[in-house]
Amino acid sequence: MKPSQLGAQMYSFREFIKTPEEVRSTLREIRKMGYEAVQLSSSIAPMPNAELSAMLKENNLIPCSSHDPADRILEVPEEIGKRLQELSCPHCAVPFPPYTFPASEEEVVNLAKKINQSAQVLRRFGVTLSYHNHSQEFQHFNGKRMLDIIYANAPDIQAELDTFWVQRGGDNPERWIRRFPGRTDVLHIKDYGIVPPNEIVMCPIGDGNLDWDVLLTAAEQCDVKYYVVEHDGNCPDPFESFRRSAEFLRKNYIR
């Protein structure tokens with residue numbers, strides 16, 4: 001992994017980016033930790049695109065991707081594409097199914113087709129679209145995983161896989177990474193831990209049980225462009241979590 005490929009997910013700092021000044025100070029801290037890219041989020045305080053771009057540039061941070069509300073991605077993809085184009089952000093992800101979670105294979109297929117249509121629109125603005133999974137997408141409809149159904153019916157999207165949530169869904173993160181060579185510009189990385197009495201928790205990279213030698217080797221071989229650290233659960237101090245993740249990755253994997 002190159003230093004320029006390490007990104008931080010802004011949603012993880014949602015309690016600390018409610019005003020433009022908080023956004024500026026948070027970006028400054030993220031850069032000090034060694035992150036060179038960020039994934040934008042709708043949690044960022046509203047401000048003109050030019051103002052946010054200036055903040056990113058003054059901290060030498062690349063907006064490698066964005067999580068936008070799923071309903072807006074599906075309903076007004078032109079607006080999303082124009083905004084991301086103005087921010088020089090080349091990638092966007094559907095963070096979670098809009099409205100209600102699909103309850104049948106037919107609903108999943110319909111959702112996938114709508115996502116694919118938005119991907120085609122965003123492409124006109126130079127933006128690729130992917131789908132970001134949680135554990136729910138590993139439930140089965142007629143013997144098929146929801147995530148399989150999505151990718152089968154949305155050939156124009158990429159995979160924004162999440163290592164923790166794939167594991168939480170009972171599947172193998174390495175296998176899923178290897179399924180999409182050249183189709184995973186952004187990979188979400190966070191560790192999977194267990195604490196007493198038997199609680200599954202998100203934790204900084206290196207503090208959990210995932211095999212990062214295996215996962216990051218697979219990601220490199222499958223041409224992942226950005227490794228975006230995330231801690232989207234209830235994290236009292238995301239700054240400390242992201243520092244620990246960055247230190248672990250710099251010590252062991254960043255060259």
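Here, every reference points to the structure presented above.
A brief report on the enclosed structure follows.

Rules used in this analysis
Residues numbered from 1 in each chain as written. Predicted model: local features only at pLDDT ≥ 70, side-chain atom pairs only at ≥ 80, totals over all residues. Heavy atoms only, no water. Buried < 20%, exposed > 50% of the residue type's maximum accessible area, 1.4 Å probe, protein only. Helix = DSSP H or I, 4+ residues; strand = E, 2+ residues; numbered from the N terminus. Arc of directions from axis to C-beta. Contact = heavy atoms within 4.5 Å. Polar contact = N/O pair within 3.5 Å; in protein donor to acceptor, adjacent residues only side chain to side chain. Phe/Tyr/Trp six-rings, centres within 6.5 Å; stacked < 30°, edge-to-face > 60°. Core = buried A, V, L, I, M, F, W, Y, C linked by side-chain atoms within 4.5 Å. Axes fitted to C-alpha atoms, helices over the stretch in contact; angles between N-to-C directions. Parallel < 35°, antiparallel > 145°, perpendicular 65-115°, else oblique. Left-handed = near helix turned anticlockwise from the far one by under 90°. Nonpolar A, V, L, I, M, F, W, Y, C, P; charged D, E, K, R; others polar.

**Examining helix H2 (residues 49-58)**
Reasoning step 1: Inspection of H2 places Leu-52, Ser-53, Met-55 and Leu-56 among the buried residues, and these make up the whole buried set. Down the axis, H2 shows its buried residues gathered within 160° of arc, on one side only. Summarising the geometry of H2, the exposed residues directed more than 90 degrees from the buried face are Ala-50 and Lys-57.
Reasoning step 2: Elements in contact with the buried residues of H2: helix H1 (20-33), strand S2 (37-41), strand S3 (62-67) and helix H4 (77-86).
Reasoning step 3: At the C-terminal side of H2, Asn-60 shows a positive phi close to 55°.

**Examining the environment of Thr-184**
Reasoning step 1: You can see Thr-184 is positioned in the loop between helix H8 (173-178) and strand S9 (186-189).
Reasoning step 2: With 39 residues separating them in the primary sequence, Thr-184 and Asp-223 have C-alpha atoms 7.3 Å apart.
Reasoning step 3: Those residues in contact with Thr-184 that sit more than four places away from it in its chain are Gln-158, Ala-159, Asp-223, Val-224 and Lys-225.
Reasoning step 4: Polar side-chain contacts of Thr-184 include one of 3.3 Å to the backbone oxygen of Phe-180.

**Some details on the packing of aromatic side chains**
Reasoning step 1: Scanning the model with the defined rule gives 11 aromatic pairs in all.
Reasoning step 2: Between Phe-16 and Phe-239, the ring centres sit 5.1 Å apart and the planes meet at 80°, which makes this aromatic pair edge-to-face. In this pair, Phe-16 sits in the loop between strand S1 (6-9) and H1 while Phe-239 sits in helix H10 (residues 238-252), placing the two residues 223 residues apart along the sequence.
Reasoning step 3: The partly exposed category is assigned to Phe-16, whose relative accessible area is 31%.
Reasoning step 4: Residue class for Phe-239 comes out buried when judged on its relative accessible area of 12%.
Reasoning step 5: Here the aromatic rings of Tyr-35 and Phe-242 are separated by 5.8 Å at their centres, their planes lie at 55°, and the arrangement is tilted. On the criterion of sequence distance, the pair formed by Tyr-35 in the loop between H1 and S2 and Phe-242 in helix H10 is long-range, its members being 207 residues apart.

**Comments concerning the nonpolar core**
Reasoning step 1: Within the largest apolar cluster, 77 residues are counted, with the highest numbers of intra-cluster contacts made by Val-23, Tyr-35, Tyr-131, Tyr-151, Leu-161 and Leu-249.
Reasoning step 2: Here this core takes seven residues from helix H5 (residues 105-123), the largest share from any one element.
Reasoning step 3: Residues within four places of Tyr-151 in sequence aside, it is in contact with Tyr-131, Ile-157, Gln-158, Ala-159, Glu-160, Leu-161, Trp-176, Phe-180 and Arg-183.

**Observations regarding the packing of H1 against H10**
Reasoning step 1: As a packed pair, H1 and H10 sit with axes 9 Å apart at the nearest point and diverge in direction by 25°. Considering the angle they form, H1 stands roughly parallel to H10. In terms of crossing hand, the pair formed by H1 and H10 is right-handed. Contact with H1, carried on its side by Thr-26, Glu-29 and Met-33, involves Phe-239, Phe-242, Arg-243, Ala-246 and Arg-250 of H10 and no other residues of that element.
Reasoning step 2: Taken together, the residues of the contact of H1 with H10 sort by class into four nonpolar, one polar and three charged.

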